[in-house]
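Reading the structure
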Amino acid sequence: ESEGCALPAIFLEKLAFFFFGGSGDAQSVSVPSSLPKDEPPGLWLARGLSVGGLFGGRGGASAMGSAYSALVGGGATAASPAAAAGRNLKRGRAASHSANRAKEIRARFQARAASSQAAGGEEGEGHKVPGGAAAAATEEAEVASFQRHQQRAKRLEHAEEARTLVDLGRYGVLSTLSAAEGFPSGSVVGYGAREDNGLPIFVFSTLSSHTGDIDADCRCSLTVTAPGFRGASDGRVSITGRVFKVTDEARAAQLKQEYRAKHPNAFWADFGDFSVYEMTELVGVRLVGGFARAGSVKPEAFMAAPVDKIAGFSAPICGHMNDDHAEQIPLYVSFYTGMKVETAKMLSVDHLGMNVEASRDGQTFKVRLPYPEPAKDRKGVKDQIVSMSRAVAAAAKADEDE
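All values derive from a computational prediction rather than experimental measurement. (Residues numbered from 1 in each chain as written. Predicted model: local features only at pLDDT ≥ 70, side-chain atom pairs only at ≥ 80, totals over all residues. Heavy atoms only, no water.)

1. A few points about the pairing of strand E11 (residues 343-349)
In plain terms, the rule: Paired strands are those between which DSSP finds at least two bridges. Only runs of H or I of at least four residues qualify as helices and only runs of E of at least two qualify as strands under DSSP, and these elements are numbered from the N terminus.
Direction of pairing for E11 relative to strand E12 (residues 353-360): antiparallel, over a ladder of six bridges. Its bridge partner lying in E12, Val 349 is registered against Met 354. Taken together, E11 and the strand that follows it, E12, pair antiparallel across an intervening segment of three residues.

Put into structure tokens, the structure is as follows:
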């Protein structure tokens with residue numbers, strides 16, 4: 001035992017094969033023939049992270065064994081950079097990057113070990129490497145199918161989505177240049193989108209600081225978030241332009257009616273110290289529809305874009321599906337994207353499809369599911385969802401028949 005815990009090299013080779021998934025990179029991994037008695041085999045893999053990065057880059061795999069040999073075997077290589085890195089890790093001075101990678105490897109080890117055991121049968125039959133590799137290959141194929149589906153999934157055009165978000169919104173963050181300090185200042189304000197071009201209408205009190213800011217400098221922006229906004233993966237849009245007080249009484253009365261249509265309880269809009277303001281010049285629109293979906297919209301495209309008439313029914317449609325047909329939504333995701341998920345719920349709908357939040361292996365992400373055909377109205381959405389359910393059922397029956 002003073003020589004260390006002797007382990008067959010073939011065991012460590014298989015362990016490396018397990019993690020590299022049989023890609024051929026395992027052949028270049030140099031494995032030690034023995035380990036110190038107080039070191040488990042898993043630590044050999046963890047040490048490789050600081051040298052080659054077992055999952056971060058294939059090219060460092062061959063250096064992993066030599067670094068370990070320098071660490072536990074001493075000899076002429078003790079002064080090499082790899083040995084120094086090993087000593088630093090052993091003494092607890094490794095960078096936080098190495099610690100995070102060690103956590104990752106443990107998590108992947110557990111996940112793949114579970115897959116291998118499930119595919120390999122009962123305990124005692126040996127380490128079922130092929131089963132683990134097969135499970136990993138299946139997972140990679142599902143993820144690739146999901147990515148292909150999402151890349152070509154039909155979505156609203158940026159201009160239409162931006163115009164729809166502004167139309168659905170009732171409140172936003174108005175950013176002005178402070179007349180007092182000269183720095184940007186933000187205020188949560190109510191607004192109403194004009195029906196003809198989507199530009200915002202405001203009713204401001206003379207007592208509000210942003211009112212004085214706009215009177216002094218008309219440049220501002222309004223940021224609006226999607227209904228139910230919770231974080232960076234949810235949609236938002238910022239429109240930038242110039243806002244002016246409406247001095248024509250007839251026009252002010254007309255715009256106030258449009259504002260009251262979005263804020264029916266805004267009785268204070270008729271008070272004498274409140275005035276109507278409107279954005280008359282749009283200079284920029286920036287849409288962020290979630291992760292990896294963002295872009296600028298030309299002002300003329302925004303003002304000419306239609307408002308999606310189905311999006312306004314998202315709350316009742318999604319509420320009904322999530323409450324009464326929750327078991328169907330994960331099946332939609334699996335059938336249309338080719339990737340199985342554990343849970344899923346509908347977030348919103350439009351005339352082209354639905355936006356879903358799904359979870360798999362502890363990760364939550366957004367999924368776009370287009371309808372088989374565009375929906376023309378609320379009933380059309382119901383018809384498309386029924387078609388999706390029938391397609392899923394037909395596929396399940398075909399699998400049973402096979």
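2. Looking at the layout of surface pockets
Rules: Every definition here rests on a 1 Å grid over the protein atoms only: cavities are sets of points where a 1.4 Å probe fits but cannot get out, pockets are open sets enclosed by protein on both sides within 12 Å along at least five of seven lines, and lining residues have some atom within 4 Å of a point. Grid points are joined across faces, edges and corners, and a volume is the space filled by probe spheres set on the points. Note on residue classes: Ala, Val, Leu, Ile, Met, Phe, Trp, Tyr, Cys and Pro are nonpolar, Asp, Glu, Lys and Arg are charged, and everything else, Gly too, is polar.
In this model, the largest pocket occupies a volume close to 1,200 Å³. Together, 41 residues line the largest pocket, and Ser 233, Gly 289, Ser 348, Asn 355 and Lys 366 are the ones closest to its centre. Among the elements of the structure, helix H6 (129-152), helix H7 (158-168), strand E9 (274-290), helix H11 (314-324), E11, E12 and strand E13 (363-370) are those that each provide at least two residues to the lining of the largest pocket. Here the residues of the lining of the largest pocket sort into 18 nonpolar, 14 polar and nine charged.

3. Observations concerning a nonpolar patch on the surface
Here is the rule we go by: Exposure above 30% relative accessible area and no salt bridge define the residues that can form patches, which grow by joining like charges within 9 Å and nonpolar side chains of Val, Leu, Ile, Met, Phe, Trp and Tyr within 5 Å. Accessibility throughout is a Shrake-Rupley quantity obtained with a 1.4 Å probe, and a residue counts as covered only by protein chains that appear here. The salt bridge definition used is simple: a Lys or Arg side-chain nitrogen within 4 Å of an Asp or Glu carboxyl oxygen.
Together, Tyr 171, Val 173 and Val 188 make up a nonpolar patch on the protein surface, roughly 320 Å² of accessible area in all. Its place among the elements puts Tyr 171 in strand E3 (residues 171-177).

4. Digging into the sheet that holds E12
This is how it is decided: Every axis corresponds to a line fitted to the C-alpha atoms, with the helix fit spanning only the stretch in contact, and the corresponding angles, defined between N-to-C directions, vary from 0 to 180 degrees.
If you trace the three strands from one edge of the open sheet to the other, you get E11-E12-E13, paired in antiparallel fashion. One side of each edge strand has no neighbouring strand; the edge strands of this open sheet are E11 and E13. The average undirected angle you get between the axes of adjacent strands in this sheet is 25°.

5. Description of helix H8 (residues 209-216)
Quick reminder of the rule: Only protein chains enter the accessibility calculation, which uses a 1.4 Å probe; a residue whose area is less than 20% of its type maximum is buried, one above 50% is exposed, and one in between is partly exposed. Each C-beta atom gives one direction from the helix axis, and the arc is the one those directions make. Every residue pair with non-hydrogen atoms within 4.5 Å of one another is taken to be in contact.
Of the residues making up H8, those classed as buried are His 210, Thr 211, Asp 213 and Ile 214. Take H8 and look down its axis: the buried residues cluster within an arc of 160°, on one side only. Among the exposed residues of H8, those oriented more than 90 degrees off its buried face are Ser 209, Asp 215 and Ala 216. Each element contacted by the buried residues of H8 is listed here: E3, strand E4 (184-190), strand E6 (200-205), strand E8 (236-245) and E9.

6. Quick word on the confidence of the model for the protein
Counted only if it meets this: How sure the predictor is of each residue is captured by pLDDT, a score from 0 to 100.
When the pLDDT values of the protein are averaged, the result is 79; 67% of them are 70 or greater. Confidence over residues 1-98 falls short of pLDDT 50; this stretch has 122 contacts with residues more than four positions distant or in other chains. A low-confidence stretch, residues 121-127 stays under pLDDT 50, and its non-local contacts, those more than four residues away or across chains, total four contacts.

7. Points about helix H12 (residues 328-337)
Regarding H12, the residues found buried are Gln 328, Ile 329, Pro 330, Tyr 332, Val 333 and Thr 337. Following H12 by one or two positions, Gly 338 has its phi on the positive side, about 85°.

8. With respect to the packing of aromatic side chains
Applicable threshold: Under the pairing criterion, centres of Phe, Tyr and Trp rings, with the six-membered ring standing for Trp, must be within 6.5 Å; the plane angle then separates stacked pairs below 30 degrees from edge-to-face pairs above 60, leaving the rest tilted.
According to the stated counting rule, one finds eight aromatic pairs in the structure shown. Here Phe 146 and Phe 365 contribute two aromatic rings whose centre-to-centre distance is 5.7 Å and whose plane-to-plane angle is 80°, an arrangement assigned as edge-to-face. Taken together, the residues span a long stretch of sequence, with Phe 146 in helix H6 and Phe 365 in strand E13 at a distance of 219 residues. Look at Phe 146 and you get buried, because its relative accessible area is 12%. Aromatic pair Phe 271 and Phe 274: ring centres 6.5 Å apart, planes at 65°, arrangement edge-to-face. In this structure an aromatic cluster arises from ring pairing among Tyr 259, Phe 267, Trp 268, Phe 271 and Phe 274.

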